[in-house]
Amino acid sequence: MDTGVGEENMIDHRRRADGSELFLLSSKVPLQDDLGTVIGLVGISLDITEQKTIERKLKSTIQTLEETKLQLIEAEKLKTIGRLSAGVAHEVKNPLNVVSLGAQYLESQIEGPEEILEIIRDIREAVKKANDVIFELLDYSSPHEMEMEPANINQLIEHVLGLLRHNLLTARIQVCCDLDDKLDPVRLDSQKMEQALINLVLNAISVMKSGGTLTLRSSSWQMKTTGSNVAGAMTELFEIGDTIVSVEIIDSGAGLSEDDENKAFDPFYTTNPTGQGTGLGLSVTRSIVDLHHGMITLENRTDGPGAVAQILLPAATETKK
Amino acid sequence: MKIKLSPSKKNSHSTKVLVVDDDPAITRMIKLNLEGTGEFEVKNVNESPAALAAATDFEPDIILLDVVMPEADGGDIAMQLRSNKKTKRIPILFVSAMVSKKEAQKGLYRSGGEHFLAKPVDTNILQSSIHTILYGSK
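Structure report, in brief. (Residues numbered from 1 in each chain as written. Chains lettered and ligands numbered in written order. Predicted model: local features only at pLDDT ≥ 70, side-chain atom pairs only at ≥ 80, totals over all residues. Heavy atoms only, no water.)

Structural notes on the overall build of chain A
At step 1: Tallying secondary structure elements over chain A gives 8 helices and 12 strands in all.
At step 2: Looking at chain A as a whole, 36% of its 321 residues are labelled buried.
At step 3: Taking contacts inside chain A between residues at least 6 apart in sequence as the whole, the part at least 24 apart equals 66%.
At step 4: Surface exposure of chain A reaches about 18,600 Å², of which carbon and sulfur atoms provide 55%. (Helix = DSSP H or I, 4+ residues; strand = E, 2+ residues; numbered from the N terminus. Buried < 20%, exposed > 50% of the residue type's maximum accessible area, 1.4 Å probe, protein only. Contact = heavy atoms within 4.5 Å. Areas by Shrake-Rupley, 256 points an atom, 1.4 Å probe, with all protein chains shown as cover.)

Regarding the interface of chain B and chain A
When the parts of a complex come together, some accessible area is lost, and that lost area is often used as the size of the interface.
At step 1: At the interface, 28 residues of chain B touch 29 residues of chain A.
At step 2: Summed over both partners, the interface of chain B with chain A buries about 2,500 Å², with 60% contributed by carbon and sulfur atoms.
At step 3: At the junction of chain B with chain A, the criterion picks out 1 salt bridge.
At step 4: A salt bridge links Arg124(A) to Asp122(B); the nearest nitrogen and oxygen atoms lie 3.1 Å apart.
At step 5: Taken together, chain B and chain A are joined by 7 residue pairs in polar contact (both at pLDDT 80 or more).
At step 6: For the side of chain B that touches chain A, the elements supplying multiple residues, two or more each, are strand E1 (4-5), helix H1 (24-36) and helix H4 (101-105) of chain B.
At step 7: Considering each element in turn, the side of chain B that touches chain A owes the most residues, 7 residues, to H1(B). (Buried area = accessible area lost by both parts, 1.4 Å probe. Salt bridge = Lys/Arg side-chain N within 4 Å of Asp/Glu carboxyl O. Polar contact = N/O pair within 3.5 Å; in protein donor to acceptor, adjacent residues only side chain to side chain.)

Brief notes about helix H3 (residues 153-163) of chain A
At step 1: The set of residues buried in H3(A) consists of Ile153(A), Asn154(A), Leu156(A), Ile157(A), Val160(A) and Leu161(A). The arc that holds every buried residue of H3(A), seen down its axis, measures 160 degrees, which confines them to one face. (Arc of directions from axis to C-beta.)

Side note on the pattern of salt bridges
A side chain with one charge can pair with a side chain of the opposite charge if their charged atoms come near.
At step 1: One pass over the full model with this rule turns up 18 salt bridges over all chains.
At step 2: Here Glu107(A) ties to Arg124(A) by a salt bridge, and the two come within 2.6 Å at their closest N and O atoms. With Glu107(A) in helix H1 (residues 49-109) and Arg124(A) in helix H2 (residues 114-141), the pair connects residues that are 17 residues apart, well separated along the chain.
At step 3: Using a relative accessible area of 23% as the deciding quantity, one classes Glu107(A) as partly exposed.
At step 4: The exposure class of Arg124(A) is partly exposed, given its relative accessible area of 27%.
At step 5: Across the pair Lys119(B) and Asp66(B) runs a salt bridge whose closest N-O atoms are separated by 3.2 Å. With Lys119(B) in the loop between strand E7 (114-118) and helix H5 (123-135) and Asp66(B) in strand E4 (residues 62-66), this pair connects stretches of sequence that are 53 residues apart. In this structure, Lys119(B) and Asp66(B) share a single accessibility class: buried.

Structure, rendered in structure tokens:
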């Protein structure tokens, strides 16, 4: 009897009867008779399933860490853009000043024809618009304390849609507004709440990859019930009789996976490829809503494909905290 | 198409304005606009270290001072002007691009005891701001 060529430290991947995975580290040697026929096998196997599972987890953790690192770099880049915007504003405003003053001078020196005066007025109007955009950039990027005052959230929605007009057009997204014109005012920091709405609209745009419809709806109602028919968080935040203002941002994308629903508001959670978004938008949005003593939910639509982000805020008269 | 020009206004040069900004296009435009009203005589300075000498020679009623300039910024120039016997009483109006929307909407506003106006400047607001600083109101 002799031995053939054996195999050392081979990893066997098998499935147990219950379907679970089994990893074995095996070394085997075939036994041969005098004619060289294999008559048996001698081997030893070590169950390394646990080690393999830990290895996989470690690999996945390392990958998550790598992605998080890239997202942190993205977030840092955004912070840098914020810091740079003051300098950019200065560099842009000086040429704008020249154009504006030049147009004002021409307007003061020319009596006609009307077409020329019209052109000059258009130039002045264009300068004003460009200047407004710079202000938006400056105000958006500069840190500031909370400044709460009663405001109509419909105006914020309209302003946000104006700011994101270009993004919506480029993404071929149709906008439907269903805004309650008798909406109760809400005590809020307009700039921060605008940031929250911008994040939600940008998120909705990002999930409608081949265009779609974005619906923005506002409404207010009085809380009449409590208990099991009302979300737990609502009963913690609002009481019977409170007026609640609701803003819904409804997309027509593919909807949310179970993972999305559970993790959407987690910092750095994103369904976008790395480098396209920081994964901080919804997390920041929730923090902003929390600062306003409100709540935010993100769920799949019940009337078709897509998701609904809903912000609930106490009406101005109800704010007691 | 023929462009009709307005008859030029008589310049009585009642108010002397020194404009200090590193951008020659801006100072030129401010000069054209202010002198175009027939009410101002304007001298421009584009190199901030030359501001003190220009103020001493020209003896302006008011100085329009840019804030961010490469060689010496508006704050440095203001300190130099205020430590000089001949120029310390000349009012200064800072014209700045680094202004928030809220501040810009106020037109002429005060911050830290100084007068500020936002860029881009509107000639009418600039004119009325100069009046306010020099005479209390237009």
